[in-house]
Amino acid sequence: MNVPRWLLRHRIKVEPYLGDSAYGPTYGAPVEDVPALVAEEIKTVRDREGREVTSTAQIIAEPGLNCPPESRITLPDGRTTKAISVAQHTAPGLPVPQSTEVRAE
C-alpha cells in the first residue's frame, strides 16, 4: 500500500545527484512535476556523513523516488534546495502506507 496520491498536493522538481566531477557536482536529467507533500519546518538532522545539519523542509513522496542525498530539488515556491537525507518507509504486511521521506536544506 502506497501513500495515497490525493495527499501529495504539491509538485516538485528533482535533479538526481550523480557525483562530483572536475567542475563540481553533476546531476541527472530533471524529473518535473513529482507529486509530493512538502512541510517547511526547521529540524536538526544528520547528513550522510553523520554531521548535524539544519533541515528546512520535509518532503513525502511515493516510494522509489530517485533522490539520493545531495540531489537538487525545486520546491513548490520556486526555492532550490539540496537533499540531506532520504528514507524509504516500508512496512511489508502492515496496513500503513509506504513512502519516501526526504529532508532538505
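The numbering scheme is per chain: residues are counted from 1 as the chain's sequence reads. Local features in a predicted model are, by the rule used here, given only for residues with pLDDT of at least 70; side-chain atom pairs are given and counted only at 80 or more, and totals for whole chains, interfaces and linings are based on all residues. Side-chain metrics rest on all non-hydrogen atoms present in the structure, leaving aside hydrogens and water.

1. Some details on the overall build of the chain
- Of regular secondary structure, the chain possesses zero helices and ten strands.
- Taken from the N to the C terminus, the helices and strands of the chain come in the order β-β-β-β-β-β-β-β-β-β.
- Between the two quantities, the radius of gyration covers C-alpha atoms and the globule rule is 2.2 Å times the number of residues to the power 0.38. Here the C-alpha atoms of the chain give a radius of gyration of 14 Å, agreeing with the 13 Å that 2.2 N^0.38 yields for 105 residues.
- Reported as C-alpha extents along the three principal axes, the dimensions of the chain are approximately 45 × 30 × 25 Å.
- Summary of the burial criterion: residues with accessible area below 20% of their type's maximum are buried, those above 50% are exposed, and those between are partly exposed, where the area comes from a 1.4 Å probe applied to protein chains only. A total of 105 residues make up the chain; the buried ones form 37% of that total.
- Residue contacts follow a heavy-atom distance rule, with two residues in contact if any of their heavy atoms lie within 4.5 Å. For the chain, the proportion of contacts with a sequence separation of at least 24, taken over those separated by at least 6, is 50%.
- Areas reported as accessible are Shrake-Rupley estimates using a 1.4 Å probe. Residue values count occlusion only from the protein chains shown. On the chain, roughly 6,200 Å² of surface is accessible, and the fraction owed to carbon and sulfur atoms is 52%.
- By the counting rule applied here, Lys and Arg register as positive and Asp and Glu as negative, while His and the ends of each chain are not counted. To locate a charge, take atom NZ for lysine, CZ for arginine, CG for aspartate or CD for glutamate. Here the chain contributes 12 positive and 14 negative side-chain charges, whose respective centroids are spaced 2 Å apart. The way it works is that DSSP assigns letters per residue, a run of H or I at least four long becomes a helix, a run of E at least two long becomes a strand, and they are numbered from the N terminus.

2. Notes on the nonpolar core
- Membership of the largest hydrophobic core comes to 15 residues, with the highest contact counts inside it found for Ile12, Ile59, Leu65, Cys67, Ile73, Leu75 and Val102.
- Contact partners of valine 102, with chain neighbours within four places excluded, come to Ala57, Gln58, Ile59, Leu65, Cys67, Ile73, Ala83, Ser85 and Val86. We call a set of buried residues a nonpolar core when its members are Ala, Val, Leu, Ile, Met, Phe, Trp, Tyr or Cys and they connect through side-chain atoms within 4.5 Å of each other.

3. Focus on the confidence of the model for the chain
- Overall, the prediction assigns the chain a mean pLDDT of 93, with 100% of residues at 70 or greater.
- Looking over the chain, one finds the lowest element-wise mean pLDDT in strand S5 (residues 43-46), namely 92, and the highest in strand S1 (residues 10-15), namely 98. Looking at any residue, its pLDDT shows the predictor's confidence there, from 0 to 100.

4. Quick notes on the pattern of salt bridges
- By convention in these notes, a salt bridge is any Lys or Arg side-chain nitrogen within 4 Å of a carboxyl oxygen on Asp or Glu. Per the stated rule, a full pass over the model turns up nine salt bridges.
- When the shortest N-O distance is used, the salt bridge between glutamate 41 and arginine 103 registers 3.0 Å. Taken together, the positions of glutamate 41 in the loop between strand S4 (31-39) and S5 and arginine 103 in strand S10 (residues 99-104) put the pair 62 residues apart, joining distant regions of the chain.
- In this structure glutamate 41 comes out as partly exposed when scored by relative accessible area, which is 32%.
- On the accessibility criterion, arginine 103 (6% relative accessible area) is buried.
- Linked by salt bridges that have partners in common, Glu41, Glu101 and Arg103 make up one network.

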